[in-house]
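Structural features, examined
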Amino acid sequence: MIEAAMLWNEPNNKSHWDPAIDPNWSMFAQHVIAAGNAIRAVNPVLPRVLGGMSPIDPHWLRRMEAHGALDAVDVVAVHGFPLDWNLWPLSAWPDKVAEIQAVTDKPVWVTEVGVSSFGAEEVQEFGLRRTVELLRGRAERVFWYSLFDLPTSWGAETRHREAEGSSYYRHFYLGLIREDGTPKPALEVYAEHAAEVGLMQWFHFHDPRLDEAVAWMKRLGTRRIRTGLSWADSFRENAVDWFDRQMEALADFDVTVTFCFTPEHLGVAPHHTSPARDPQAFADFCAWMIDRYAGTATVTAPVAPVALATSQPELNPLLFNRDERLAAERRSA
């Protein structure tokens, strides 16, 4: 079941949101406000999580508050990789969480934390054990990234790729299970904490690892998973079939679902990190997904049929069935 909805992924990281287009994040705040309100209208009790910040930055969070974005969420989230990319030591985890708790009264979740085995698998094993010790009792939710190594042929979501040197290649060794399917030593450490520490695992469109991931997580005793549903992927052929398959496969877990990635044709710029030209379009996607997979509120259909313009379809998620909205939106793409 879906236990929370996260609005974007690492919005203060230029690999996931373009600061050249939105330098003060006011456009991002509009996305959060529209999506948070749309989700609340569909499901009044589902926690809404502000996309995990990376780097952990209380000044950025204050900026979000000034834009009004925190009024549309119930939880704020942080991501951290101190043994790989962050400019602070592993032992600073309690201080980094406290920095955010000092500027908000909302719960703080750690929705992505991990250690790459690029240098040595023993480092990952140590890092996982120590991270659990440092975060126990300090965050209501902790998600370890990730179950599987990222296949090297898929590429990582960064701006400069191989030009980043070892910083780029660390992305491919963050899993507890190697690309060839064999477990790393850290997997046994994770199994000791699976009941309290969730897993963060992205699934690509038609990801062949989905069933294997479910089998592993059940074997390990994992209770919670964070994953994503891509707004951009929703425009692929048979996207709904894939979303249904993914969410059905994860039905036995408590899922925090992340909504992100702008479709190129809807962005200010043709890139998945771009703000949408119309933030309501993102909000409608979020509300549609929540209604489909976690809907609890009754949406009353209008008495008269809604006229759909072929050039600019109506996207308000409360006016009509989201499958009809999806079809209309794609006809106009």
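Residues numbered from 1 in each chain as written. Predicted model: local features only at pLDDT ≥ 70, side-chain atom pairs only at ≥ 80, totals over all residues. Heavy atoms only, no water.

Helix and strand counts for the chain stand at 10 helices and eight strands. A total of 333 residues make up the chain; the buried ones form 56% of that total. Of the contacts made within the chain by residues no fewer than 6 positions apart, 76% connect residues no fewer than 24 positions apart. As presented, the chain carries roughly 14,000 Å² of accessible surface, and 50% of it is formed by carbon and sulfur atoms. (Helix = DSSP H or I, 4+ residues; strand = E, 2+ residues; numbered from the N terminus. Buried < 20%, exposed > 50% of the residue type's maximum accessible area, 1.4 Å probe, protein only. Contact = heavy atoms within 4.5 Å. Areas by Shrake-Rupley, 256 points an atom, 1.4 Å probe, with all protein chains shown as cover.)

Here the focus is the side chain of His-193. Structurally, His-193 is set in helix α6 (residues 186–193). Leave out the neighbours within four places in its chain, and His-193 touches Val-132 and Arg-136.

Before going further, it helps to examine unusual backbone geometry. The omega torsion across Ser-54 and Pro-55 is 15°, close enough to zero to call that bond cis. Of note, the amide linkage connecting Tyr-145 to Ser-146 takes the cis form, showing an omega dihedral of 5°. Secondary-structure assignment places Ser-146 in the loop between β5 (142–145) and α5 (166–169). One non-glycine residue, Trp-25, lies in positive phi territory at about 60°. Of note, Trp-25 is situated in the loop between β1 (2–7) and α1 (26–42). Positive phi, normally seen in glycine, also occurs at Asn-238, with a value near 60°. Since its relative accessible area comes to 47%, Asn-238 is described here as partly exposed.

What follows concerns the packing of helix α3 (residues 93–101) against helix α4 (residues 121–135). Direction vectors running N to C along α3 and α4 enclose 45°, while the axes themselves pass 9 Å from each other. The angle between α3 and α4 falls in the class oblique. Between α3 and α4 the crossing geometry is right-handed. Across from Trp-93, Pro-94 and Val-97 in α3, the residues of α4 making contact are Thr-131, Leu-134 and Leu-135. Looking at side-chain class alone, the contact of α3 with α4 contains five nonpolar, one polar and no charged residues. (Axes fitted to C-alpha atoms, helices over the stretch in contact; angles between N-to-C directions. Parallel < 35°, antiparallel > 145°, perpendicular 65-115°, else oblique. Left-handed = near helix turned anticlockwise from the far one by under 90°. Nonpolar A, V, L, I, M, F, W, Y, C, P; charged D, E, K, R; others polar.)

The tally for this structure, following the rule as stated, stands at 18 salt bridges. Residues Arg-40 and Asp-74 are paired through a salt bridge, measuring 3.1 Å at the closest nitrogen-oxygen approach. One end of the pair, Arg-40, is in helix α1; the other, Asp-74, is in the loop between α2 (58–66) and β3 (75–80), and 34 residues separate them in sequence. By relative accessible area, Arg-40 is classed as partly exposed at 28%. (Salt bridge = Lys/Arg side-chain N within 4 Å of Asp/Glu carboxyl O.)

Further remarks concern the state of the cysteines. Counting across every chain of the model gives zero disulfides. Cys-260 takes part in no disulfide bond, and the closest cysteine sulfur, belonging to Cys-286, lies 9.4 Å away. Assessed through its relative accessible area of 1%, Cys-260 is described here as buried. (Disulfide = S-S within 2.5 Å.)

To continue, consider the packing of aromatic side chains. The tally for this structure, following the rule as stated, stands at 18 aromatic pairs. Ring centres of Trp-8 and Phe-282 lie 5.3 Å apart, and the angle between their planes is 70°; on these two criteria the pair is classed as edge-to-face. Residue Trp-8 is located in the loop between β1 and α1, and its partner Phe-282 is located in helix α9 (residues 279–294); the two are separated by 274 residues in the primary sequence. For the residue pair Trp-8 and Phe-282, the accessibility class agrees, reading buried in each case. Here Phe-259 and Phe-285 contribute two aromatic rings whose centre-to-centre distance is 5.7 Å and whose plane-to-plane angle is 85°, an arrangement assigned as edge-to-face. Residue Phe-259 is found in strand β8 (residues 254–260), and its partner Phe-285 is found in helix α9; the two are separated by 26 residues along the sequence. Phe-285 gets classed as buried once you look at its relative accessible area, which sits at 1%. (Phe/Tyr/Trp six-rings, centres within 6.5 Å; stacked < 30°, edge-to-face > 60°.)

The share of residues in the chain with pLDDT of 70 or more is 85%, and the mean pLDDT across the chain is 89. Residue range residues 298–322 is modelled with pLDDT below 50. Its contacts to residues more than four positions away, or to other chains, number 35 contacts. (pLDDT = per-residue confidence, 0-100.)

For α1, with 17 residues, the first-to-last C-alpha span of 25 Å sits near the 24 Å given by 1.5 Å per residue. If you check which residues of α1 are buried, you get Phe-28, Ala-29, His-31, Val-32, Ala-34, Ala-35, Gly-36, Ala-38, Ile-39 and Val-42. (Expected span 1.5 Å × (residues − 1).)

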